[in-house]
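Listed below, chain by chain, are the residues.
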There are 2 protein chains.
Amino acid sequence: MNSAIIVAAGRGTRMGANADKLFLEVAGRPVVAHTWQRFNDVQCIDEIVLVVRDGMQSAFAELAVQFNLQKAHRFVTGGAERQDSVWNGLESLSSCVELVAIQDAARPCTSESLISATLEAACETGAAVAAQPVTDTIKESADGRTILRNVERSRLWSVQTPQTFRVDVIRRALAEVRRRGLSVTDDTAACELIGQPVRLVAGVGPNPKVTLPGDLPYIETLLRQYRA
Amino acid sequence: MNSAIIVAAGRGTRMGANADKLFLEVAGRPVVAHTWQRFNDVQCIDEIVLVVRDGMQSAFAELAVQFNLQKAHRFVTGGAERQDSVWNGLESLSSCVELVAIQDAARPCTSESLISATLEAACETGAAVAAQPVTDTIKESADGRTILRNVERSRLWSVQTPQTFRVDVIRRALAEVRRRGLSVTDDTAACELIGQPVRLVAGVGPNPKVTLPGDLPYIETLLRQYRA
């Protein structure tokens, strides 16, 4: 059995003071409803755990009704940091779950084929992440003002979500993060701590995250293409 | 006096066999006509050198008529590599040019304020480049298959164009590239060879390059916003 954890407990402060970015409307529905739909529709996911801020459960429950998201799902309350929210989601999984795909709620363009591909790779190696080779010219700067040196981009990958794991692997990795009192920005970084290799799974199309208000028109274009 | 060199001699092979990406229509005109328009309209640029493939001069001359691009401009034939094309452009500058902004023709969304800001920074320090802090989570992989390590992204910048220089600086830097028989992917890399510091100039909005066919809808959205 495979589960998805959609991490929807962040506030997205870079979008502006009063906007909850997950409920901003894009291509006819809130951002998070697109993300949820992808995991609702993909066959290889059996249930969905949505990690949400306390008090937001009813708003999410309404989305399920409005957009007919019928796959088994439940809501879990988020923690202080992203890693705490993921932890809470993992705690809620039933004991028969083998693989878990962890997804940013603010990444609404993730394709079903990418979700499947990360599950297959995680089944084989224990841990996998959606990724794309860096195509920009990258420079290092110590002060953000002057270039220090050129960085060899052929070795660089930009990682996204889903980040997909055998459940025992990600539980062990995040337990190690907590034991050491660390903070990690993504779940694959936790795997480094326990020496667990992470497979890169190259996505075909763009898989952007809603971060700034200026991201929305681009994402609108992608979503309309996907549904066309 | 300040010049712009628009490097328009590439074929853009990643766009598909028969498409010249610079002449693909986006937001009502060919890609390169948008780029040219920005440098035509910005006050701080006095003349424009377009480096084009041999035989393409008349196609570009038609664009100038069609889109009323009246600022002084001329055409120079490109070389084998991008750095040769830039060299040919530099060779064509009149002796009174102090600063030169070198621009990818396939980057049609560059704002006038960004062009001006790179000129100001280059006037002060000798070399400057449009850049944005890397916002994605970046991993290093030796084999493109498994993550080797996390890369500290706070020191990483993605560089774009314009790359803007005092003319004597970029001439000296590219002469050194040629003397050593090297190949450089961008002009600021040439500056490293002569110990010339390069200032990062953070752009406000997106400044993407047309590389793959899938880039066009996003760029269309940006261009329509700009003109709205």
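If you're wondering where the values come from, they're calculated on a predicted model, not measured in any experiment.

A. Quick look at the packing of helix H1 (residues 31-41) of chain B against helix H2 (residues 57-66) of chain B. All names here are of chain B. Orientation of H1 relative to H2, taken along the N-to-C sense of each, is 60°, at an axis distance of 11 Å. As summarised for this structure, H1 and H2 are arranged oblique, according to the angle between their axes. Where H1 crosses over H2, the two elements pack in a sense that is right-handed. On H2, the residues touching Val32, Ala33 and Trp36 of H1 are Phe60, Leu63 and Ala64. Classifying every residue of the contact of H1 with H2 by side-chain character gives six nonpolar, no polar and no charged.

B. Structural detail: the packing of aromatic side chains. Considering all chains together, one arrives at seven aromatic pairs over all chains under this definition. Judged by centre distance (5.2 Å) and plane angle (75°), the ring pair of Phe23(A) and Phe60(A) falls under edge-to-face. In this pair, Phe23(A) sits in the loop between strand S1 (2-8) and strand S2 (25-26) while Phe60(A) sits in helix H2 (residues 57-66), placing the two residues 37 residues apart along the sequence. Since its relative accessible area comes to 25%, Phe23(A) is described here as partly exposed. Taking the centre distance of 6.2 Å and the plane angle of 50° together, the rings of Phe60(B) and Phe75(B) count as tilted. Of this pair, Phe60(B) sits in helix H2 while Phe75(B) sits in strand S5 (residues 73-77), and the two are 15 residues apart along the sequence. What makes Phe75(B) partly exposed here is its relative accessible area of 25%. Joined through ring pairs, the aromatic side chains of Phe23(A), Trp36(A), Phe60(A) and Phe75(A) make up one cluster. Seen from the ring of Trp87(B), Arg178(B) lies directly overhead, with NZ or CZ sitting 4.2 Å from the centre.

C. Region of the structure containing the interface of chain B and chain A. With 35 residues of chain B at the contact, the number on the chain A side is 35 residues. Between chain B and chain A, roughly 3,200 Å² of surface is buried when both sides are summed, and carbon and sulfur atoms account for 53% of that area. Among the residues chain B hides against chain A, the three largest losses belong to Lys139(B), Arg145(B) and Arg155(B). Together they make up 19% of the total. On inspection of chain B and its partner chain A, the count reaches four salt bridges. Linking Glu140(A) and Arg155(B) is a salt bridge whose minimum nitrogen-to-oxygen distance equals 2.7 Å. The interface formed by chain B and chain A includes 21 residue pairs in polar contact (both at pLDDT 80 or more). Those elements that place two or more of their residues in the side of chain B that touches chain A are strand S8 (137-140), strand S9 (149-151), strand S10 (156-166), helix H6 (187-193), strand S11 (199-202) and helix H7 (216-227) of chain B. Here the side of chain B that touches chain A is built from residues that sort into 16 nonpolar, nine polar and ten charged. Pairing between strand S8 (residues 137-140) of chain A and S10(B): four bridges, direction antiparallel. Note that in S10(B) the partner of Thr137(A) across the bridge is Val159(B).

Thresholds applied
Residues numbered from 1 in each chain as written. Chains lettered and ligands numbered in written order. Predicted model: local features only at pLDDT ≥ 70, side-chain atom pairs only at ≥ 80, totals over all residues. Heavy atoms only, no water. Axes fitted to C-alpha atoms, helices over the stretch in contact; angles between N-to-C directions. Helix = DSSP H or I, 4+ residues; strand = E, 2+ residues; numbered from the N terminus. Parallel < 35°, antiparallel > 145°, perpendicular 65-115°, else oblique. Left-handed = near helix turned anticlockwise from the far one by under 90°. Contact = heavy atoms within 4.5 Å. Nonpolar A, V, L, I, M, F, W, Y, C, P; charged D, E, K, R; others polar. Phe/Tyr/Trp six-rings, centres within 6.5 Å; stacked < 30°, edge-to-face > 60°. Buried < 20%, exposed > 50% of the residue type's maximum accessible area, 1.4 Å probe, protein only. Lys NZ or Arg CZ within 6 Å of the ring centre and 35° of its normal. Buried area = accessible area lost by both parts, 1.4 Å probe. Salt bridge = Lys/Arg side-chain N within 4 Å of Asp/Glu carboxyl O. Polar contact = N/O pair within 3.5 Å; in protein donor to acceptor, adjacent residues only side chain to side chain. Pairing = 2+ DSSP bridges.

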